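The primary structure of each chain is shown beneath.
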Amino acid sequence: MNDLPVLTILIALPLVGALVTAFLPAATARLAGLGFAGATLVWAVVAALTSYSLDGGMQLTETHTWIEALGVHYALGVDGLGLLMVLLTTVLVPIVLVASWHEADAPGNGGSRAFVAWVLALEAMSLAVFTATDVFLFYVVFEATLIPAYFLIGGFGREGRGRAATKFLIYQLAGGLVMLASVIGLYVVSADSGRPSFLLTDLAALDIDPVTQRWIFLGFFIAFAIKAPMFPVHTWLADTTERATTGTSVLLVCVLDKIGTFGMLRFCLGLLPDASQWATPVVVVLALISIVYGALVAIGQDDILRLIGLTSLSHFGFIVLGIFVFSSQGGSGAILYMVNHGIATAALFLVAGYLVQRRGTASIRAMGGGIEKGAPVLAGIFLISGLAACGLPGLSPFVSEMLVIIAAFQHAWWAGAVAVTAIVLAAIYVLWLYQRTMTGPEQVEVKDLDRREVGTLAPLMLALVLFGFFPMPLLDVINPNVEDTLTQVGVTDEPPTVGSADGAASSQGGHE
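Note that the structure is a prediction, hence the values are computed from the model and not measured.

Participant: I'd love a proper account of the overall build of the protein, names of residues and values included.
Facilitator: A count of helices and strands for the protein gives 21 helices and two strands. Its C-alpha atoms give the protein a radius of gyration of 22 Å, within 12% of the compact-globule value 24 Å for 512 residues. C-alpha atoms of the protein, sized along the principal axes, occupy 70 × 55 × 40 Å. Scored against the burial criterion, the 512 residues of the protein give a buried share of 62%. Contacts in the protein between residues far apart in sequence, at least 24 positions, make up 81% of those at least 6 positions apart. Approximately 18200 Å² of the protein is accessible, and the part contributed by carbon and sulfur atoms is 66%. For the protein, the distance from the average position of its 21 positive side-chain charges to the average position of its 35 negative side-chain charges is 15 Å.

Listed below in structure tokens is the structure:
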């Protein structure tokens, strides 16, 4: 496979699929879309197993001149961070398509055919973002993701989805415009050096003065904070997850929002290390506010889909905190959290969506209780997904959460103390949610999950347990990436390993 443009093929598969399914009948479009998504997943897995080395660094690279006068290249490559985001994306898309098999059958918006086409287009653009190694190319595909996302939010879902889509677009475009200023700033700096270029390798070699770094950093960070999302630029998140279909919410929160934290690692720390350290005190405080505020607000929600969306505000706070404490535990925990959050939150969204379909409402108060008596499989998976979201030992988010908390305490005792409170708050909103919907003397007649629905959730349940007890396959991919990033920032630290004294949280057996 070394002679093939592996990443170009990876991006092209869902993009071609989007074009093909857009012109097929609804029933055929579903099958064809699933076929293209499955082929993309197989290609990604084969490429990872046969062509990617755990030695670290950027691999599977492709570089072609695009706009020579501006130093713009069509340049692709993946390191450990990019590879995991690619695999997470390619795994979740076919699951979403199967889970949404009948969800998008609505008149007047193209029905399933349009839904499948937009999902595949979003997958293609997301894969391009995670593999772009030219800043200009990254910016183009970063903005391009908004097109399919806007139509998925506005075209499918509950009443008020049009307003939610518009709010989403306004926030994201505002962030993109601020980022554009920083992209131009990087070009000016590289041009002043005598060799204009947008390649990450060329930009990382530049000696950018501290003041210029700070201004460029602010543009990137604001855009990524909106995308992530973080407090106080998060308000689009809850409205979107409340109004969009659950399949769309999975793609937005578990894939698209990861672009924010991905960008912080790739651009803020990778290209602007001095400015990143300068901004650390403020970023850490914003991350802690996101952690606590997101959990507190989630507790008071009545709409189950809005509640789940707000929990992600808290989880992304953990990811950003891990990134900006500049330690091996924090960096490894943050990247691992990105993967584990995608798995756990996807499962929680999907099973909540199945519940909403059965009850005809997303209101927790209106659902009644006793659902576990008539639908034990639904209730059981709902409970496991919820407990994963609050970091139960034995499930994969626990590993990443403990790594970040350890790193936070090493950074500052008060940062760790504040972060720990989110564990208690998460237990409150998860257990209270389960109690109000699943338990109680009243027995609501609800059909249990069918084979298709169980099939969509089974791989996510397996991943939660597998990586909860055996996270090292992921950490082996992550650790070289963290070492490289810390070296760029000027921090030397040992990566966490299973059974080590200061990295014991990377194994369930090492934390009692």
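Participant: Can you break down the state of the cysteines residue by residue, with the values?
Facilitator: Each disulfide consists of a covalent bond between the sulfur atoms of two cysteine residues. Evaluation of the coordinates by the stated rule reveals zero disulfides. Cys 254 takes part in no disulfide bond, and the closest cysteine sulfur, belonging to Cys 390, lies 16 Å away.

Participant: Would you mind going over the nonpolar core in detail, with residue names and values included?
Facilitator: Ranked by size, the top nonpolar core spans 186 residues in total, and within it Val 135, Phe 138, Phe 220, Ile 304, Leu 321 and Phe 324 carry the most contacts. Looking at this core, the element that brings in the most residues is helix α15 (residues 328-359), giving 18 residues. Beyond its immediate sequence surroundings of up to four residues, Phe 220 is in contact with Val 135, Met 179, Ser 182, Val 183, Leu 186, Phe 267, Cys 268 and Leu 272.

Participant: Explain a nonpolar patch on the surface residue by residue, including any values.
Facilitator: A cluster of nonpolar side chains, namely Val 285, Ile 289, Tyr 293, Phe 409, Trp 413, Trp 414 and Val 420, defines an oily patch on the protein surface of about 660 Å² accessible area. Those elements that place two or more of their residues in the nonpolar patch are α13 (273-299) and α19 (413-438). Inspection of the secondary structure assignment puts Ile 289 in helix α13. By relative accessible area, which is 33% here, Ile 289 ends up partly exposed.

Participant: So what about the packing of helix α3 (residues 80-99) against helix α11 (residues 246-256)? Which residues, and what values?
Facilitator: At a minimum axis distance of 10 Å, the contact between α3 and α11 shows a crossing angle of 170°. Classified by the interaxial angle, the pair formed by α3 and α11 is roughly antiparallel. Where α3 approaches α11, its residues Leu 88, Thr 89, Leu 92, Val 93 and Val 96 are matched on the opposing element by Gly 247, Val 250, Leu 251, Cys 254 and Val 255.

Participant: With reference to specific residues and values, describe α15.
Facilitator: The terminal C-alpha atoms of α15, which comprises 32 residues, lie 45 Å apart, in line with the 46 Å expected from a rise of 1.5 Å per residue. With 29 of 32 residues buried, α15 is to be regarded as a mostly interior element. Phi for Gly 360, located one or two positions after α15, is positive at around 75°.

Participant: Lay out the side chain of Thr 89 in plain terms, naming residues and giving numbers.
Facilitator: Along the polypeptide, Thr 89 turns up in helix α3. Classification of Thr 89 by relative accessible area gives buried; the value is 1%. Apart from residues lying up to four places away in sequence, Thr 89 is in contact with Glu 123, Ser 126, Leu 127, Phe 130 and Val 255.

Participant: How would you sum up the side chain of Thr 311? Please name residues and give values.
Facilitator: If you trace the backbone, Thr 311 turns up in helix α14 (residues 304-324). What makes Thr 311 buried here is its relative accessible area of 2%. From its side chain, Thr 311 meets the backbone oxygen of Ile 308 in a polar contact 2.5 Å long. Residue contacts for Thr 311: discarding those within four places in its chain leaves Ala 298 and Tyr 429.

Conventions adopted
- Residues numbered from 1 in each chain as written.
- Predicted model: local features only at pLDDT ≥ 70, side-chain atom pairs only at ≥ 80, totals over all residues.
- Heavy atoms only, no water.
- Helix = DSSP H or I, 4+ residues; strand = E, 2+ residues; numbered from the N terminus.
- Rg over C-alpha atoms; globule rule 2.2 N^0.38 Å.
- Buried < 20%, exposed > 50% of the residue type's maximum accessible area, 1.4 Å probe, protein only.
- Contact = heavy atoms within 4.5 Å.
- Areas by Shrake-Rupley, 256 points an atom, 1.4 Å probe, with all protein chains shown as cover.
- Lys, Arg positive; Asp, Glu negative; His and termini not counted.
- Charge placed at Lys NZ, Arg CZ, Asp CG, Glu CD.
- Disulfide = S-S within 2.5 Å.
- Core = buried A, V, L, I, M, F, W, Y, C linked by side-chain atoms within 4.5 Å.
- Patch = residues over 30% accessible without salt bridge, like charges linked within 9 Å, V, L, I, M, F, W, Y side chains within 5 Å.
- Salt bridge = Lys/Arg side-chain N within 4 Å of Asp/Glu carboxyl O.
- Axes fitted to C-alpha atoms, helices over the stretch in contact; angles between N-to-C directions.
- Parallel < 35°, antiparallel > 145°, perpendicular 65-115°, else oblique.
- Expected span 1.5 Å × (residues − 1).
- Polar contact = N/O pair within 3.5 Å; in protein donor to acceptor, adjacent residues only side chain to side chain.

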